[in-house]
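# Close look at the chain arrangement
One letter stands for each residue in the lines below.
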Amino acid sequence: MTSPAPARDRPASPMDRTAPTYIAGHRGLVGSAVWRHFAASGFTTLIGRTSAELDLRDRAATFAFFEEVRPRYVVLAAARVGGILANATEPVEFLSDNLRIQVNVLDAALATGVERLLFLGSSCIYPKHAPQPIPEEALLTGPLEPTNEAYAIAKIAGVLQVQAARREYGVRWISAMPTNLYGPGDNFDLRTAHVLPALIRRFHEAVQSGAEEVVLWGTGTPRREFLHVDDLARACELLLDCYDDPLPINVGVGEDISIAELAELIAEIVGYSGKIRFDPSKPDGTPRKLLDVRRITALGFRPRIGLAEGIRATYAWYREQLGNRTESPHQTA
Ligand SMILES: NC(=O)C1=CN([C@@H]2O[C@H](COP(=O)(O)OP(=O)(O)OC[C@H]3O[C@@H](n4cnc5c(N)ncnc54)[C@H](OP(=O)(O)O)[C@@H]3O)[C@@H](O)[C@H]2O)C=CC1
Ligand SMILES: C[C@H]1O[C@H](OP(=O)(O)OP(=O)(O)OC[C@H]2O[C@@H](n3cnc4c(=O)[nH]c(N)nc43)[C@H](O)[C@@H]2O)[C@@H](O)[C@@H](O)C1=O
């Protein structure tokens, strides 16, 4: 495989840690990790609003917020997000909500002179049968995976709007494409969860109830790459400090695992020793999505949290939530 074209980075210009920095979606999996990491890195003026306080689908409210707060930096981690089933069954909401959130935030950021902005896409924006590992250049080179086409189209529109704003207005905004994420703060609601938290919950409940069998979706053969959200948060800071290129940049670990292997690993960590059965009537989704991470690796990024370690920490967090039964952004109902 040939090396990717070198990123046209301008020299690193680190963010001013005292400047107002808006983390859109700061209670979600990604936003909460970015908030924790940025706070630990010395950001003194972090700004967040819940969706109840500021519905980013509301254009007038979004503009009023940007005019009042005038953030200098923005991490756009607010979105309607979900696993394969939610994506496949609610395409209207995934398309419409995400388009509106993005357009409103990006337009308001432009109108109020936001200097640096990071738009978060997802590895599902790449074609279903993209070459593996998937280079950034694969964007818009083939048909999408049908189960998440609506979400992917919305995300692609966001990437294009960031690129267009760079070209037309010279703003230093960027897009990152994270692989499948997990970690504390994840969504364990089985109707909307991604596979990793869903499996933690399924195996945990099977241990609790003494069930002899757990049924999982699909064939178990699809392969996925999993990045701990704390590693993503480090990548977000690095990118905002020193990546300045129209090409969206992949963020992953560079290794994948089959869903069947993931299930074995999670079952072992949770202590489930019963049978695991796959239900092939449920969708598999994309057969494989392993990101080519050479571009971000060249910037010095290395994930630090291994998969088994990350799953153990996430399981510990999940059990803590069950113990507390407090308001988590993602209810475990
Ligand atoms: N999770 C994953 O595996 C991956 C995620 N990503 C990307 O990362 C970003 C964040 O995802 P993630 O953290 O997992 O998602 P979550 O569902 O955990 O969090 C989404 C956040 O968005 C906020 N939000 C949703 N709708 C609105 C709205 N109408 N107005 C204001 N805020 C809203 C929510 O706010 P509140 O809690 O206040 O309701 C919530 O905090 C997304 O862009 C997603 O595409 C990319 C790749 C993989
Ligand atoms: C991040 C990414 O996330 C989504 O894409 P996905 O990777 O296909 O999603 P997923 O995590 O839900 O599933 C991964 C695999 O796992 C299998 N699977 C088994 N058992 C369960 C299960 O119990 N729950 C779930 N959710 N999946 C299960 C499932 O059948 C599939 O083969 C998109 O929303 C997309 O838009 C996106 O961006």
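Residues numbered from 1 in each chain as written. Chains lettered and ligands numbered in written order. Predicted model: local features only at pLDDT ≥ 70, side-chain atom pairs only at ≥ 80, totals over all residues.

Condition: UniProt positions are given in the numbering used here, feature names are shortened, and annotations may be inferred rather than shown by experiment.
As recorded in an unreviewed UniProt entry, the protein chain goes by the name GDP-L-fucose synthase, listed as coming from Acidothermus cellulolyticus. Under Pathway (unreviewed entry), UniProt gives the following word-for-word description of the protein chain: "Nucleotide-sugar biosynthesis; GDP-L-fucose biosynthesis via de novo pathway; GDP-L-fucose from GDP-alpha-D-mannose: step 2/2." Recorded in UniProt for the protein chain, the comment headed Sequence similarities (unreviewed entry) runs: "Belongs to the NAD(P)-dependent epimerase/dehydratase family. Fucose synthase subfamily."

### Some thoughts on the UniProt feature "domain: NAD-dependent epimerase/dehydratase" (unreviewed entry) in the protein chain
Worth spelling out the cut-off: Numbering of helices and strands runs from the N terminus; a helix is a DSSP stretch of H or I covering at least four residues, while a strand is a stretch of E covering at least two.
Sequence positions flagged by UniProt for "domain: NAD-dependent epimerase/dehydratase" (unreviewed entry) are, in local numbering, residues 22-252. Span residues 22-252 is 43% helix and 16% strand, its end C-alpha atoms 24 Å apart.

### Overview of the sheet that holds strand 1 (residues 21-24)
For clarity, the cut-off: In short, DSSP must find at least two bridges between two strands for them to pair.
Spatially, 2-1-3-4-5-10 is the arrangement adopted by the six strands of the open sheet, whose pairing is parallel. Looking at the sheet topology across the chains shown, the edges are occupied by strand 2 (46-47) and strand 10 (249-251). Where strand 1 lies against strand 2, two bridges are found, and the strand directions are parallel. When the bridges of strand 2 are listed, threonine 21 appears paired with leucine 46.

### Focus on the nonpolar core
Across soluble globular proteins, nonpolar side chains show a tendency to be buried alongside one another. Threshold: Think of a nonpolar core as buried Ala, Val, Leu, Ile, Met, Phe, Trp, Tyr and Cys residues chained together by C-beta atoms that fall within 7 Å. Exposure in this text rests on C-beta crowding, where 20 or more other C-beta atoms within 10 Å of a residue's own make it buried, 12 or fewer make it exposed, and counts in between make it partly exposed. The C-beta atoms are placed from the backbone. The contact criterion used is a C-beta to C-beta distance within 7 Å, with each C-beta placed from the backbone.
Of all hydrophobic cores here, the largest spans 91 residues; its most connected members are Ala24, Val34, Leu76, Leu118, Leu199 and Leu232. The contact partners of leucine 199, leaving out residues within four places of it in the chain, are Leu216, Leu262, Ala263 and Ile266.

### Structural notes on the site of ligand 1
Note the cut-off: For each residue, a C-beta position is placed from the backbone atoms; the residue is near a molecule or strand when that point lies within 6 Å of it. When residue character is reported, Ala, Val, Leu, Ile, Met, Phe, Trp, Tyr, Cys and Pro are called nonpolar, Asp, Glu, Lys and Arg charged, and the others, Gly included, polar.
Near ligand 1 lie 27 residues; those nearest to it are Gly25, Gly28, Val30, Thr50 and Ser51. Secondary structure elements with two or more residues in the shell around ligand 1: helix 1 (29-40), helix 4 (91-111) and strand 6 (180-182). Element by element, the count of residues in the shell around ligand 1 is highest for helix 1, at three residues. Considering only residue class, the shell around ligand 1 consists of 13 nonpolar, nine polar and five charged.

### Points about unusual backbone geometry
Residues glutamine 132 and proline 133 are joined by a peptide bond in cis, for which omega reads -10°. Tracing the backbone through its elements, the reader meets proline 133 in the loop between strand 4 (116-120) and helix 5 (149-169). A positive phi is found at leucine 140, a non-glycine position, where the angle reads about 65°. Its place among the elements puts leucine 140 in the loop between strand 4 and helix 5.

### Regarding helix 7 (residues 229-242)
So the rule is basically this: How far a helix is expected to stretch is found by multiplying one less than its residue total by 1.5 Å.
End to end, helix 7 covers 20 Å across 14 residues, agreeing with the expected 20 Å (1.5 Å per residue, within 8%). Among the 14 residues in helix 7, 10 count as buried, and that is most of the element. If you check which residues of helix 7 are buried, you get Val229, Asp230, Asp231, Leu232, Ala233, Arg234, Ala235, Cys236, Leu239 and Leu240.

### Some remarks on the site of ligand 2
As a matter of local geometry, ligand 2 sits amid 25 residues, with Gly83, His194, Val195, Gly218 and Gly285 nearest to it. For the shell around ligand 2, the elements supplying multiple residues, two or more each, are helix 3 (84-89), helix 6 (195-209) and strand 7 (213-217). Looking at which element gives the most residues to the shell around ligand 2, the answer is helix 3, with three residues. Grouping the amino acids of the shell around ligand 2 by side-chain chemistry returns 12 nonpolar, 10 polar and three charged.

### A look at the pairing of strand 1
To be explicit about the condition: For crossovers, right-handed means that the path from the first strand over the helix to the second runs clockwise, given strands pointing away from the viewer.
Burial along strand 1 is two-sided: Thr21 and Ile23 facing one way and Tyr22 and Ala24 facing the other are all buried. For the handedness criterion, the β-α-β arrangement of strand 1, helix 1 and strand 2 is classed as right-handed. In this sheet, strand 3 (residues 73-76) lies alongside strand 1 in parallel orientation, the contact comprising four bridges. Across the sheet, the residue bridging to tyrosine 22 is valine 74, located in strand 3.

### Describing the UniProt feature "site: Important for catalytic activity" (unreviewed entry) in the protein chain
In the numbering adopted here, UniProt assigns the feature "site: Important for catalytic activity" (unreviewed entry) to Ser122 and Cys124. By the secondary structure assignment, serine 122 is in the loop between strand 4 and helix 5. Excluding its chain neighbours within four sequence positions, the residues that come into contact with serine 122 are Lys155, Met177 and Pro178. Within the element layout of this structure, cysteine 124 appears in the loop between strand 4 and helix 5. Classification of cysteine 124 as buried rests on a count of 23 C-beta atoms within 10 Å.

### Focus on the environment of aspartate 230
With respect to the helices and strands, the residue aspartate 230 is situated in helix 7. Remark: the alpha-carbon pair of aspartate 230 and threonine 89, spanning 141 residues in sequence, is separated by 30 Å. Beyond its immediate sequence surroundings of up to four residues, aspartate 230 is in contact with Ala33, His37, Gly183 and Ile305.

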